[in-house]
Amino acid sequence: MNIKELTQIREQQWWELIKRLNEEPFKYHIGDGEISLKGEEFKLQQRIALRNIGIINPNKIEEYIATGGYFALARALENEPKEVIKTIKDANLRGRGGAGFPAGRKWEAAAYHETDEKYVVCNADEGDPGAYMDRSILEGDPHTVLEGMALCGYAIGASKGYIYVRAEYPKAVASLITAIEQAKAHNLLGNHILGSDFHFDIELRLGAGAFVCGESTALMESIEGKRGMPRNKEFRTTERGLWGKPTVINNVETLANIPPILTKGAQWFKEIGTEKSSGTKVFALVGKVQKPGLVEVPMGMSIYDIVYLIGGGIPKGKKAKAVQTGGPSGGCIPSHLFDTKVDFESLEAVGSIMGSGGMVVMDENDCMVDIAKFFLEFSVDESCGKCTPCRIGNKRLLEILQRLTLGEGEISDLTKLENLSRVICQTSLCGLGQSSPNPVLSTLNYFYDEYKEHAQDKHCRSGVCKALLRYEINDRCVGCTRCVQHCPVDCISGSIRERHYIDATECIHCGECFKNCPVNAIDVF
Amino acid sequence: MFIFDFEENKEKVDQFIQFMDKNRQMKGVLLPVLQEAQNKFGYLPKEILQLISSHLGIPTSTIYGVATFYSQFSFVPRGKYSISVCMGTACYVNGAADILDEFSKVLSINLGETTADRKFSIIETRCVGLCSDAPVVTINNQVYTHFKKSDVKHILSLLP
Ligand SMILES: Cc1cc2nc3c(=O)[nH]c(=O)nc-3n(C[C@H](O)[C@H](O)[C@H](O)COP(=O)(O)O)c2cc1C
Ligand code: FES
């Protein structure tokens, strides 16, 4: 295969693709060499990483080639590797996996070291619960990730790549296996790619259910077949990474941006987004929102526009309370700050992070103390146990939060929460511990009143913390005895056809009476 | 304790040994080998861990250390139907905790346990990537989206 043959496939397959898409004209917009999806929700979006999702058939390499796929690689191979690095650096592409480190600088550092072997690793461990953009790219457009990896390999001088993908994504694994086979068969992976002297192979490794393995050094330990515990950061992974060799690790979405940047140029990319955060970001807009789904927008769009203009606002006429970004490492942004722009700097300024792009909308029925507890449970579960602050500190944080949600907390707990959180952030070994108190700190900061209510008044305004609820029967009661029949602890008394009473000292706050009352005679406080 | 019956599982064990032989040269082979064992036998029997140790020359303590680190591996057999409730953020804010409680209540087992007849077990996952269709429950490989607490009894009654 050479660039001429690749061009032939492209020209021929383009018409095939158009023919197929034209069968459903209401779905696609076919312009001059570009195809996009039709629909109200796509109008405000700009799709780069997701450009092919829902358009091409991911199991046909020909359709990827038809949209210009593998041409970035073919052209790069005609030039020096450093040209690739220069373009990525100029474009200011920052890592989409969480930390936002400039990809070009990482590649440059790895290219600098001379060794017999280097590695390219694709981080497809997508651990943030509530984010699924990487799954969508792997399933819907696997070749863009392969092409991005091959380009990275060429740029830094590596001949071997690994994709570390979550075992929870069986479809993504299947789609990658097919894609790798097809790329090899077309001489786009393997030896002498497109007739050049560049060799590059990709191997799949499956995760085994450990969130911390998304951290780059833990991920490398895991590929090496060990317990996935983060390393002490003596060396950068670009100097000593996988098996002690220079390694570039990039996130799926980062890699999906590589081919379009090389095709359209650094300048084109830099003009999208904000000055410090170029390009677009994919968000998984989920939770209490009318139209949940993946959205890709230019960096710098406001949270309000994403939630209301693209996501259609909050269902059931409820009011938004907050959006959570960055998963267990991020924070809750309250609705009065919804004009915050989504880019790396702005999100950090309001106490959250970009993270991998999870954006969970919460409404008045969500309790912020409970949400902090939810994330802490996650971090306690997933802490690898190597360093003390994270292993033990998070557990203590969780215990305080549990006390608060059970109505056993005190106002002094709130200071303890804050102090302990700061210590854990400052002293943990890896990003997990350094960021695990963020959900606590941000909710404490913006929703202090809710914490105070839990601690002082033993009250949960959202009605989530069951132990804090009080049930009382009002005079609408018709004495049907249905509540008596459903009460698991027999704490309701009263004769038939007479008003009933709940013995608050025995009540376990299960809510069964409330749910089963036919005449709404039970009040919850 | 569950005793692993080598005779009954002879065919699977042979295939498993072949898998180890084929991939012997792979760097960092232990994890893929453990994953193969988990898939083949449904859990990691002690006897199989010993087999891996002698076959690949890795101390059992090392193997055990790796296997206990990852939540994918189980040391007891799971039920015929492994019910996995997604407890990721999107599912959680859409009521996953109530669903988990309901399964627990109806089956009278806790999270991580298997019913005495080995028919059902309940586990939790952290996001299966279908967050826009939350809440999500997976039973073996069957995925149920927009799951409701009131679906629990119905779904269980459909499983033979
Ligand atoms: C606890 C923890 C979990 C992480 N999980 C992921 C993940 O699931 N996917 C990912 O791409 N990056 C994850 N990261 C970030 C990686 O360490 C790393 O920064 C990233 O893969 C680099 O790629 P990028 O520069 O392209 O973003 C995680 C970091 C930490 C500390
Ligand atoms: S949170 Fe349940 S599928 Fe993502």
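Residues numbered from 1 in each chain as written. Chains lettered and ligands numbered in written order. Predicted model: local features only at pLDDT ≥ 70, side-chain atom pairs only at ≥ 80, totals over all residues. Heavy atoms only, no water.

1. Remarks on the overall build of chain B
The condition is simple: Here a helix means four or more residues in a row that DSSP labels H or I, a strand means two or more in a row labelled E, and each is numbered from the N terminus. In this scheme, a residue with accessible area under 20% of its type's maximum is buried, one over 50% is exposed, and one in between is partly exposed, where area comes from a 1.4 Å probe on protein chains only. Contacts were defined at the residue level, with two residues in contact if any of their heavy atoms lie within 4.5 Å.
Across its full length, chain B carries seven helices and four strands. Tracing chain B from N to C terminus, the helices and strands come up as α-α-α-α-β-α-α-β-β-β-α. Expressed as a percentage of its 160 residues, the buried residues of chain B come to 51%. Restricting to contacts in chain B with at least 6 residues of sequence separation, those with at least 24 account for 61%.

2. Thoughts on the overall build of chain A
Short version of the rule: To get the radius of gyration, use the C-alpha atoms; to get the globule rule, take the number of residues to the power 0.38 and multiply by 2.2 Å.
Counting its regular elements, chain A contains 21 helices and 15 strands. The C-alpha atoms of chain A give 26 Å as radius of gyration, which agrees with the globular expectation for 525 residues (24 Å, within 12%). For chain A, the residues scored as buried account for 58% of the 525 residues in total. Put simply, of all contacts in chain A between residues at least 6 apart along the chain, 68% involve residues at least 24 apart.

3. As for the site of ligand 1
Residue and element names in this part refer to chain A. Spelled out, the test is: By convention in this text, a residue qualifies as near a molecule or strand provided that one of its non-hydrogen atoms is within 4 Å of it. Polar contacts here mean pairs of N or O atoms no more than 3.5 Å apart (in protein, one a potential hydrogen donor and the other a potential acceptor; neighbouring residues in sequence count only if both atoms are side-chain atoms). To measure how exposed things are, a 1.4 Å probe is used in the Shrake-Rupley method; for residues, cover is taken only from the protein chains shown.
Neighbouring residues of ligand 1: 18 residues in total, closest Gly 97, Asn 123, Asn 250, Asn 251 and Thr 254. Contact between ligand 1 and Gly 214: a nitrogen atom at 3.2 Å from a main-chain N or O atom of the residue. Ser 216 has a polar backbone atom sitting 3.1 Å from an oxygen atom of ligand 1. Burial of ligand 1 by the surrounding chains reaches 89%, relative to a free accessible area of 610 Å².

4. A closer look at the confidence of the model for chain B
The line we're drawing: Within a predicted model, pLDDT stands for the predictor's per-residue confidence, ranging from 0 to 100.
The share of residues in chain B with pLDDT of 70 or more is 99%, and the mean pLDDT across the chain is 92. Scoring the predicted complex yields pTM 0.92 and, for the interface, ipTM 0.90.

5. Details of the side chain of Glu 215 of chain A
Residues and elements named next belong to chain A. Considering the arrangement of structural elements, one finds Glu 215 in the loop between strand E5 (201-206) and helix H9 (216-223). Here Glu 215 falls in the buried class, since its relative accessible area comes to 17%. Beyond its immediate sequence surroundings of up to four residues, Glu 215 is in contact with Pro 230, Lys 233 and Cys 430.

6. A short note on the nonpolar core
Here is the rule: Residue types Ala, Val, Leu, Ile, Met, Phe, Trp, Tyr and Cys, when buried and joined through side-chain atoms within 4.5 Å, form a set referred to as a nonpolar core.
The biggest cluster of nonpolar side chains holds 119 residues, and the ones touching the most others in it are Tyr 70, Trp 107, Leu 146 and Ile 163 of chain A together with Phe 103 of chain B. At nine residues, helix H7 (residues 142-156) of chain A tops the list of elements feeding residues into this core. Each residue touching Phe 103 of chain B, except ones within four places of it in the same chain, is listed here: Ile 83, Val 85, Ser 108, Ile 122, Val 137, Phe 147, Val 152 and Leu 156 of chain B. Residues Ile 223 and Cys 384 of chain A together with Phe 41 and Leu 49 of chain B belong to the second largest nonpolar core, which totals 43 residues.

7. Quick look at the domain arrangement of chain A
Put simply, the rule is: For the domains described, the bounds stem from an automatic or database domain assignment.
According to the domain assignment, chain A consists of domain 1 (3-270), domain 2 (280-363), domain 3 (368-457) and domain 4 (469-524). Placing the centre of domain 2 of chain A and that of domain 4 of chain A at their C-alpha centroids yields a distance of 40 Å.

8. As for the sheet that holds strand E3 (residues 137-139) of chain B
Residues and elements named next belong to chain B. Going by this rule: Criterion used throughout: strands pair if DSSP finds at least two bridges between them. Think of each axis as a best-fit line through the C-alpha atoms, taken over the contacting stretch in the case of a helix, with angles from 0 to 180 degrees between the N-to-C directions.
With respect to topology, four strands assemble into an open sheet ordered E2-E1-E3-E4, the strand pairing being mixed. Of all strands in the sheet, those with a lone pairing partner are strand E2 (120-125) and strand E4 (142-144), marking the two edges. On average, each strand axis in the sheet is tilted by 20° relative to the strand beside it, whichever way the strands run. As paired strands, strand E1 (residues 81-86) and E3 are joined by three bridges and run antiparallel to one another. From the neighbouring strand, Val 85 faces E3, where its bridge partner is Val 137. Together, E1, E2 and E3 form the strand contacts of helix H6 (residues 96-107), whose direction differs from that of E1 by roughly 155°.

9. Some remarks on the pairing of E5 of chain A
Pairing geometry for strand E4 (residues 160-165) of chain A and E5 of chain A, over six bridges, is parallel. Bridge pairing links Lys 160 of chain A to Asp 201 of chain A in E5 of chain A.

10. Here we look at helix H18 (residues 438-446) of chain A
By the criterion of burial, H18 of chain A is predominantly enclosed, with seven of the nine residues buried. Looking only at H18 of chain A, the buried set comprises Asn 438, Pro 439, Val 440, Leu 441, Ser 442, Thr 443 and Leu 444 of chain A.

11. Brief notes about the interface of chain A and chain B
Basically, it comes down to this: Accessible surface is computed with a 1.4 Å probe, and the buried area is the amount of it that two parts give up when combined, taken over both parts together. All amino acids are sorted into three groups, where Ala, Val, Leu, Ile, Met, Phe, Trp, Tyr, Cys and Pro are nonpolar, Asp, Glu, Lys and Arg are charged, and the leftover types, Gly among them, are polar.
Between chain A and chain B, the contact holds 49 residues from the first and 33 residues from the second. Taken together, the two surfaces of chain A and chain B that pack against each other cover about 3,000 Å², and 55% of this comes from carbon and sulfur. Interface area lost by chain A to chain B is led by Ala 208, Arg 227 and Phe 374 of chain A, which between them contribute 20%. Summed over the shared surface of chain A and chain B, the result is 20 residue pairs in polar contact (both at pLDDT 80 or more). When contributions to the side of chain A that touches chain B are tallied by element, the ones reaching two or more residues are E5, H9, strand E7 (280-287), strand E11 (358-363), helix H14 (368-382) and helix H21 (512-516) of chain A. Looking at the side of chain A that touches chain B, the element that brings in the most residues is H14 of chain A, giving eight residues. Residues that form the side of chain A that touches chain B fall into these classes: 24 nonpolar, eight polar and 17 charged.

12. Side note on the side chain of Asp 125 of chain A
Tracing the sequence through the fold places Asp 125 of chain A in the loop between strand E3 (119-124) and helix H6 (133-140). What Asp 125 of chain A contacts, discounting residues up to four positions off in sequence, is Tyr 164, Arg 166, Ala 210, Phe 211, Cys 213 and Gly 214 of chain A.

13. Quick notes on the state of the cysteines
Residues and elements named next belong to chain A. To keep it simple, the criterion reads: To count as a disulfide, a pair of cysteine sulfur atoms needs to be within 2.5 Å.
If you walk through the whole model with that rule in mind, you get zero disulfides over all chains. With no disulfide of its own, Cys 491 lies 3.8 Å from the sulfur of Cys 487, the closest cysteine sulfur. Cysteine Cys 510 shares no disulfide, and the gap to the nearest cysteine sulfur, in Cys 487, comes to 6.2 Å.

14. Some words on the environment of Ser 302 of chain A
Residue and element names in this part refer to chain A. With respect to the secondary-structure elements, Ser 302 resides in the loop between strand E8 (293-298) and helix H12 (303-310). Classification of Ser 302 by relative accessible area gives buried; the value is 13%. Residues Ser 302 and Thr 340, spaced 38 residues apart in sequence, show a C-alpha to C-alpha distance of 5.4 Å. Apart from the residues lying within four places of it in its own chain, the contact partners of Ser 302 are Phe 338, Asp 339, Thr 340 and Lys 341. A polar contact of 3.1 Å, which involves the side chain of Ser 302, links it to the backbone nitrogen of Asp 305.

15. Some points on helix H3 (residues 46-56) of chain B
When H3 of chain B is considered as a whole, its buried residues turn out to be Ile 48, Leu 49, Leu 51, Ile 52, Ser 53 and Leu 56 of chain B. Check the buried side of H3 of chain B and you find it contacts helix H1 (10-23), helix H2 (30-41) and helix H4 (60-69) of chain B.

16. Topic: the pattern of salt bridges
Worth spelling out the cut-off: A carboxyl oxygen of Asp or Glu within 4 Å of a side-chain nitrogen of Lys or Arg is what we treat as a salt bridge.
Counted by the stated rule, this structure contains 34 salt bridges over all chains. Across the salt bridge formed by Glu 224 of chain A and Lys 226 of chain A, the nearest N and O atoms sit 2.8 Å from each other. Accessibility expressed as a relative area gives 13% for Glu 224 of chain A, which makes it buried. Across the salt bridge formed by Asp 21 of chain B and Arg 24 of chain B, the nearest N and O atoms sit 3.4 Å from each other. Taking the relative accessible area as the measure of exposure, Asp 21 of chain B reaches 39% and is therefore partly exposed. Each of Glu 221, Glu 224, Lys 226 and Arg 231 of chain A takes part in a single network of salt bridges with overlapping partners.

17. A closer look at unusual backbone geometry
In this structure, Pro 135 of chain B follows Ala 134 of chain B across a cis peptide bond, with omega equal to -10°. You can see Pro 135 of chain B is positioned in the loop between E2 and E3. Of note in the backbone geometry, Leu 194 of chain A takes a positive phi value of approximately 50° without being a glycine. Following the sequence through the fold, Leu 194 of chain A ends up in the loop between helix H8 (170-185) and E5. Residue classification places Leu 194 of chain A among the buried positions, given a relative accessible area of 12%. Even without a glycine there, the phi angle at Cys 127 of chain B is positive, about 70°. With respect to the element layout, Cys 127 of chain B can be found in the loop between E2 and E3.

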